[in-house]
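# A closer look at the structure
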Amino acid sequence: NITCVRVATDTAYDITFPAHPDGIRYVVLMSSIEYHMPYRFPLATGFRIYMRRANNNAGFDFEGTFSIAVLS
């Protein structure tokens, strides 16, 4: 079970899931039509992604949709 919660006042999202057996040693596959989509703060139970416009400001250039897969 993966959950996604938008961080208030930002185009960032906290992604959480049950604790990974290898801690932060997992593979994150992300896809979006937005210009920038980095992830930060990896934990055994999740991470945060950021959506940024082409000028690197918070916001969406398109619709802000994304897909994520976490592999062990």
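Higher on the page you've got the structure.
Overview of the structure. Numbering of residues starts from 1 in every chain and runs along the sequence as written. Side-chain atom pairs in this predicted model are given and counted only at pLDDT of 80 or more, local residue features only at pLDDT of at least 70, and totals for whole chains, interfaces and linings cover all residues. Hydrogen atoms and water are omitted, and side-chain values are computed over all heavy atoms in the structure.

### Observations regarding the packing of aromatic side chains
Each aromatic ring pair is summarised here by two numbers: the centre-to-centre distance and the angle between the ring planes. Rules: Here a Phe, Tyr or Trp ring, Trp counted by its six-membered ring, pairs with any other such ring whose centre lies within 6.5 Å, and the pair is stacked when the planes are under 30 degrees apart, edge-to-face when over 60, and tilted otherwise. Secondary structure elements follow DSSP: runs of H or I no shorter than four residues count as helices, runs of E no shorter than two count as strands, and numbering proceeds from the N terminus. The rule is simple: take the accessible area with a 1.4 Å probe, protein chains only, and divide by the maximum for that residue type; under 20% is buried, over 50% is exposed, in between is partly exposed.
For the structure shown, the criterion picks out five aromatic pairs. Consider the rings of Tyr13 and Phe66, whose centres lie 5.2 Å apart with planes at 55°: the pair is tilted. Of the two residues, Tyr13 is situated in strand E2 (residues 12-16) and Phe66 in strand E6 (residues 66-71); the sequence distance between them amounts to 53 residues. For Tyr13, a relative accessible area of 10% puts it in the buried group. Taking the centre distance of 6.4 Å and the plane angle of 35° together, the rings of Tyr26 and Phe47 count as tilted. In this pair, Tyr26 sits in the loop between E2 and strand E3 (27-32) while Phe47 sits in strand E5 (residues 46-50), placing the two residues 21 residues apart along the sequence. Neither residue differs from the other here; Tyr26 and Phe47 are each classed as buried. Cluster of aromatic residues (ring-pair linked, three or more members): Phe17, Tyr26, Tyr39 and Phe47.

### Topic: the environment of Val5
Spelled out, the test is: In what follows, a contact means two residues having at least one pair of non-hydrogen atoms within 4.5 Å.
For Val5, the location among the structural elements is in strand E1 (residues 3-6). Put simply, Val5 and Ala58 are 53 residues apart on the chain and 16 Å apart in space, counted from C-alpha to C-alpha. With residues up to four places along the chain from it excluded, the contact list for Val5 reads Ala12, Tyr13 and Asp14.

### Here's the deal with unusual backbone geometry
Unlike most non-glycine residues, Phe41 shows phi in positive territory, near 55°. Counting through the fold element by element, Phe41 comes out in strand E4 (residues 39-43). Taking the relative accessible area as the measure of exposure, Phe41 reaches 47% and is therefore partly exposed.

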